[in-house]
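Remarks on the overall topology
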Amino acid sequence: MDPRPKHLLRPTSSPRRRLPDLRRLSGTRALGLAVVAAALVAAIGAASTSGAAASKPRVTVIGDSIAASLDYVPAARRYLGKGLDLRSEAVACRRLVAASCVFQGSQPPTALDLVSAEGHALGPVVVVNVGYNDWTAVYDVDRVMRALTAAGVRSVIWVTLRETTSNYATNNLRIRSASHRWQRLVVADWNAYSRGKPWFREDGLHLTPSGAFGLAKFLRPLVLAGASSG
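Rules behind the numbers
Every chain begins its residue count from 1, and numbering advances along the sequence as written. The model is predicted, so local features are restricted to residues of pLDDT at least 70 and side-chain atom pairs to those at 80 or more, both for listing and for counting; the totals for chains, interfaces and linings are taken over all residues. Side-chain descriptors were evaluated using all non-hydrogen atoms of the structure, hydrogens and water having been removed beforehand. A fitted line through C-alpha atoms represents every axis, and for helices the fit uses only the stretch in contact; the resulting angles, taken between N-to-C directions, go from 0 to 180 degrees. Helix and strand assignments follow DSSP, with helices taken as H or I runs no shorter than four residues and strands as E runs no shorter than two, numbered in order from the N terminus. Every angle not falling under 35 degrees, over 145, or within 65 to 115 is termed oblique; those three ranges are roughly parallel, roughly antiparallel and roughly perpendicular. What makes two residues a contact is simply this: any of their non-hydrogen atoms within 4.5 Å. Under the scheme applied here, ten amino acids are nonpolar (Ala, Val, Leu, Ile, Met, Phe, Trp, Tyr, Cys and Pro), four are charged (Asp, Glu, Lys and Arg), and all others, including Gly, are polar. Two strands qualify as a pair provided that DSSP identifies no fewer than 2 bridges between them. By definition, pLDDT measures how confident the predictor is in each residue, and it falls between 0 and 100. A 1.4 Å probe rolled over the protein chains alone gives each residue an accessible area, and that area as a share of the maximum for its type sets the label: buried under 20%, exposed over 50%, partly exposed in between.

1. Thoughts on the packing of helix H3 (residues 74–81) against helix H8 (residues 209–228)
It is the contact of H3 with H8, at a shortest axis distance of 8 Å, that shows an interaxial angle of 10°. By the angle class used here, H3 and H8 are roughly parallel. Along the contact surface, H3 presents Ala75, Ala76, Tyr79, Leu80 and Gly81, while H8 presents Ala212, Phe213, Ala216, Lys217, Leu219, Arg220 and Val223. Looking at the contact of H3 with H8 residue by residue, the classes come out as nine nonpolar, one polar and two charged.

What follows is the structure, given as structure tokens:
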């Protein structure tokens, strides 16, 4: 018999405690860390993308079916939009102020309606290439310029029309006349620039792929100058 007091006695054996499955615990933690890491990477990536987009100046192209050629030729659109937050609002049958015509069952908003609806979302630079569906009596450049000014647009690049009709030639006179009243209006003389170029379809207006690229090359320096102006 052990002569030590009972309170000093230790049991010769004790029940074995069940240890946690370290491999399973480690795996769970690893999975948790992986999920957290993935979430952080996604958040950082999203923030970087958002920051990159925010650092690019917004440029909005408001046009009819002629300007829509840029959307049909990806290389032309990429060229024009490099380094920019380029937004295209070009659609067939758009008119400037008077109700647009109907194309394939759809009637697009006028350029004026679009400017009024979008406001500051248009960005600091807007390209206007509208007029092939308009007649002279309703081609109101000043009314659209007032709306663009109210929307905070700093630079308006207004593209002249190909003068295949006297109506288009008169509308071009209105564009040039308005440039004397509006300091922020820059006339982009597409009529002169494109003269004699083999860029057009049978109607002499709508663009081939090479014509769409020609339009992008013509507009890009003007857009960049507008985006860099304070």
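2. Considering the sheet that holds strand E5 (residues 185–188)
Here we have five strands laid out as an open sheet, ordered E2-E1-E3-E4-E5, and parallel in their pairing. The sheet terminates laterally at strand E2 (85–90) and E5, the two strands that pair on one side only. With strand direction ignored, the average angle separating the axes of adjacent strands in the sheet is 20°. Bridge analysis of strand E1 (residues 58–63) against E2 gives six bridges, and the strand direction is parallel. Paired with valine 59 across the strands is leucine 86, a residue of E2.

3. A look at the confidence of the model for the protein chain
Of all residues in the protein chain, 76% have pLDDT values of 70 or greater, and the mean over the chain is 85. Per-residue pLDDT stays below 50 along residues 5–15; that stretch engages in two contacts with residues further than four places along the chain or on separate chains. Overall, residues 30–52 carries pLDDT values under 50, and its contacts beyond four positions in sequence, including any with other chains, amount to zero contacts.

4. Some thoughts on unusual backbone geometry
Residues other than glycine predominantly adopt negative phi, and peptide bonds predominantly adopt the trans conformation. Non-glycine residue cysteine 93 carries a positive phi angle of around 80°. A residue is classified by how much of its surface remains accessible, and cysteine 93, at 10% relative accessible area, is buried. Located in the positive-phi region is glutamine 104, a residue other than glycine, with phi close to 50°. By the secondary structure assignment, glutamine 104 is in the loop between E2 and helix H4 (111–118).

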